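Summary of structural features
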Amino acid sequence: MVDTILVALAREAKVVSAAARARASSVAIELTGMGPVRARIGAQRQLAAGATSLLSVGFAGALRPPREVGDLLLPDEVTDSLGHRYTVDANLHSDLSRALSAQFRLC
C-alpha cells in the first residue's frame, strides 16, 4: 500500500487528492515543487515521518512520439538526479497495471 503520493504542482495534487477520496484511500499528498531536488527533499521528509512507500505522480502532455496524450507511464525502474537506479516494487507495479490498464494505454 502506498503511504504517500509525491506531486510537484498544486493542480496535480488536486487531481490526485480527488482520486484518493473517490477510492476512499488514506494517503498523504506531498506537494514538493518542481525538479528532482525538491522531489528528493519531499520524499526524505515523508520517509522521516514514517512513510513506508512512496508514489511519484506527474502529468505531462505527450512530450515526444510515440507517447500520446493520455498515455500512462509505469516504469520498472527509476533513476534519481545522481544516477542511482531504483527498481519499482513489482507487486505495486502489477497492481497498478491491472487497475489502470482498462482506462489508459500503459507504457
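Going by the structure above, here's the rest.
Residue numbers here run from 1 along each chain, matching the order of that chain's written sequence. Two thresholds apply to this predicted model, a pLDDT of at least 70 for residue-level local features and 80 or more for giving and counting side-chain atom pairs, whereas whole-chain, interface and lining totals are computed over all residues. Values reported for side chains reflect all heavy atoms of the structure, with hydrogen atoms and water molecules removed beforehand.

**Let's talk about the overall build of the protein chain**
Runs of H or I in DSSP of at least four residues are treated as helices and runs of E of at least two as strands, each being numbered from the N terminus. Along the backbone of the protein chain there are three helices and five strands. Moving toward the C terminus, one meets the helices and strands of the protein chain in the order β-α-β-α-β-β-β-α. Principal axes of the C-alpha set define a box for the protein chain whose edges measure 35 × 35 × 30 Å. Note on exposure labels: buried denotes an accessible area under 20% of the residue type's maximum, exposed denotes more than 50%, and partly exposed covers the range between, all computed with a 1.4 Å probe on protein chains only. Per-residue burial for the protein chain yields a buried fraction of 21% across its 107 residues. Positive charges are assigned to Lys and Arg, negative charges to Asp and Glu, while His and the chain termini are left out of the count. Think of each charge as sitting on NZ of Lys, CZ of Arg, CG of Asp or CD of Glu. Treating the 12 positive side-chain charges of the protein chain as one cloud and the 10 negative ones as another, the clouds have centres 7 Å apart.

**Description of the sheet that holds strand E1 (residues 4-7)**
Pairs of strands are assigned from DSSP output, requiring at least two bridges between the strands. With parallel pairing, three strands are arranged side by side in an open sheet as E2-E1-E3. Lying at the two open borders of the sheet, with one neighbouring strand each, are strand E2 (28-31) and strand E3 (54-56). Geometrically, the sheet is characterised by an average inter-axis angle of 25 degrees between neighbouring strands, direction not taken into account. Pairing between E1 and E2: four bridges, direction parallel. Looking at the pairing, Leu 6 lines up with Glu 30 of E2. Any two residues having at least one pair of non-hydrogen atoms within 4.5 Å are treated as being in contact. A fitted line through C-alpha atoms serves as each axis, taken over the contacting stretch for helices, and the angle formed by two N-to-C directions is quoted from 0 to 180°. Taken strand by strand, helix H2 (residues 36-48) contacts E1, E2 and E3, and its axis lies near 160 degrees from that of E1.

**Some points on the pattern of salt bridges**
Pairing is possible between side chains of opposite charge, provided their charged atoms come close. For this document, the term salt bridge refers to a Lys or Arg side-chain nitrogen within 4 Å of an Asp or Glu carboxyl oxygen. Using the criterion set out here, one finds three salt bridges in the structure. Between Arg 45 and Glu 30 there is a salt bridge, and its shortest N-O distance comes to 2.7 Å. One end of the pair, Arg 45, is in helix H2; the other, Glu 30, is in strand E2, and 15 residues separate them in sequence. Relative accessible area serves as the criterion here: at 43%, Arg 45 is assigned to the partly exposed category.

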